[in-house]
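Letter by letter, the chains look like this.
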Amino acid sequence: MNTLGIICLQRGEVQLSCDYHRRAVAADAHASVLLVNLAKAQRAANDDAGELDSLDKALNLDPRDVTALTRRAQLYERRGKGLDACRDWRALLALTGGNQNYTPEFEEILRHARTSIAEQHKQYESYINDNMEECLADLSKLQRRRASAFMDVYFGRRSVYVNRCAAFIFRLSQRTSFSRRVLSVVYNHCRKLAKCT
């Protein structure tokens, strides 16, 4: 059935291809490659919901499926869900880490993943910077300075101070209670802003 689905897709018979791929998945529901093939046919049929469902099922069976991660990230981008796409791009880059033997086409996909993550990071940073003053209004001067320092470290604008003599690390990280409070204030404020728009 899978082979027939692939042949039909190559011929442009998209609906027939989807039908064959559904039958193949019904025959072996634990083969993630069959779900990925079904998702490809659903993409050709402009069935975003079906494609997402098939890719989610494939990734539930095999979270390390590079093809499924790539296609789901692309689907999220097409649907304007940048944060979800960014999550999948990060997972893809983590899986492909040190290997250098990729085809030029896949290298282009990896470059796009890095670019997409960087753009999403910039948008997030810009949003936080634009709304930071309102978020910090209730904090003392010292707390504002600490919050700004935390955000500078978080966004890579400031390096972490290391006391090499005593081997202590002074770091505002997500693990400190102050950082949790600042993140909580910023998070709650951003949620309020999102509800207003």
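The structure this text deals with has already been given above.
Residues numbered from 1 in each chain as written. Predicted model: local features only at pLDDT ≥ 70, side-chain atom pairs only at ≥ 80, totals over all residues. Heavy atoms only, no water.

1. Considering the packing of helix H5 (residues 66–78) against helix H6 (residues 82–96)
It is at 8 Å that the axes of H5 and H6 come closest, and there the two elements cross at 155°. With respect to each other, H5 and H6 are oriented roughly antiparallel. Seen along the crossing, H5 lies across H6 with a hand that is left-handed. Mapping the contact onto sequence places Val 66, Leu 69, Thr 70, Arg 72, Ala 73, Gln 74, Tyr 76 and Glu 77 in H5 and Asp 84, Ala 85, Arg 87, Asp 88, Trp 89, Ala 91, Leu 92 and Leu 95 in H6. For the contact of H5 with H6, a count of residues per class yields nine nonpolar, two polar and five charged. (Axes fitted to C-alpha atoms, helices over the stretch in contact; angles between N-to-C directions. Helix = DSSP H or I, 4+ residues; strand = E, 2+ residues; numbered from the N terminus. Parallel < 35°, antiparallel > 145°, perpendicular 65-115°, else oblique. Left-handed = near helix turned anticlockwise from the far one by under 90°. Contact = heavy atoms within 4.5 Å. Nonpolar A, V, L, I, M, F, W, Y, C, P; charged D, E, K, R; others polar.)

2. A few points about H6
Taking 1.5 Å as the rise per residue, H6 with 15 residues should run 21 Å; its terminal C-alpha atoms sit 21 Å apart, in good agreement. Here the buried face of H6 lies against H5 and helix H7 (104–136). (Expected span 1.5 Å × (residues − 1).)

3. As for the pattern of salt bridges
Tallied over the full model, the rule gives ten salt bridges. For Arg 78, the salt bridge goes to Asp 48, with nearest N and O atoms at 3.2 Å. Here the residue Arg 78 occupies a position in helix H5, and Asp 48 occupies one in helix H4 (residues 48–61), the gap between them amounting to 30 residues. Taking relative accessible area as the criterion, Asp 48 reaches 26% and is therefore assigned partly exposed. Connected through shared salt-bridge partners, Asp 56, Arg 72, Asp 84, Arg 87 and Asp 88 make up one network. (Salt bridge = Lys/Arg side-chain N within 4 Å of Asp/Glu carboxyl O. Buried < 20%, exposed > 50% of the residue type's maximum accessible area, 1.4 Å probe, protein only.)

4. Let's talk about the packing of aromatic side chains
All chains considered together, the criterion is met by one aromatic pair. Centroid distance Tyr 102 to Phe 106: 5.0 Å. Interplanar angle 55°. Geometry classified as tilted. By relative accessible area, which is 23% here, Tyr 102 ends up partly exposed. (Phe/Tyr/Trp six-rings, centres within 6.5 Å; stacked < 30°, edge-to-face > 60°.)

Keep in mind that these numbers describe shape and distance, not what the molecule does.
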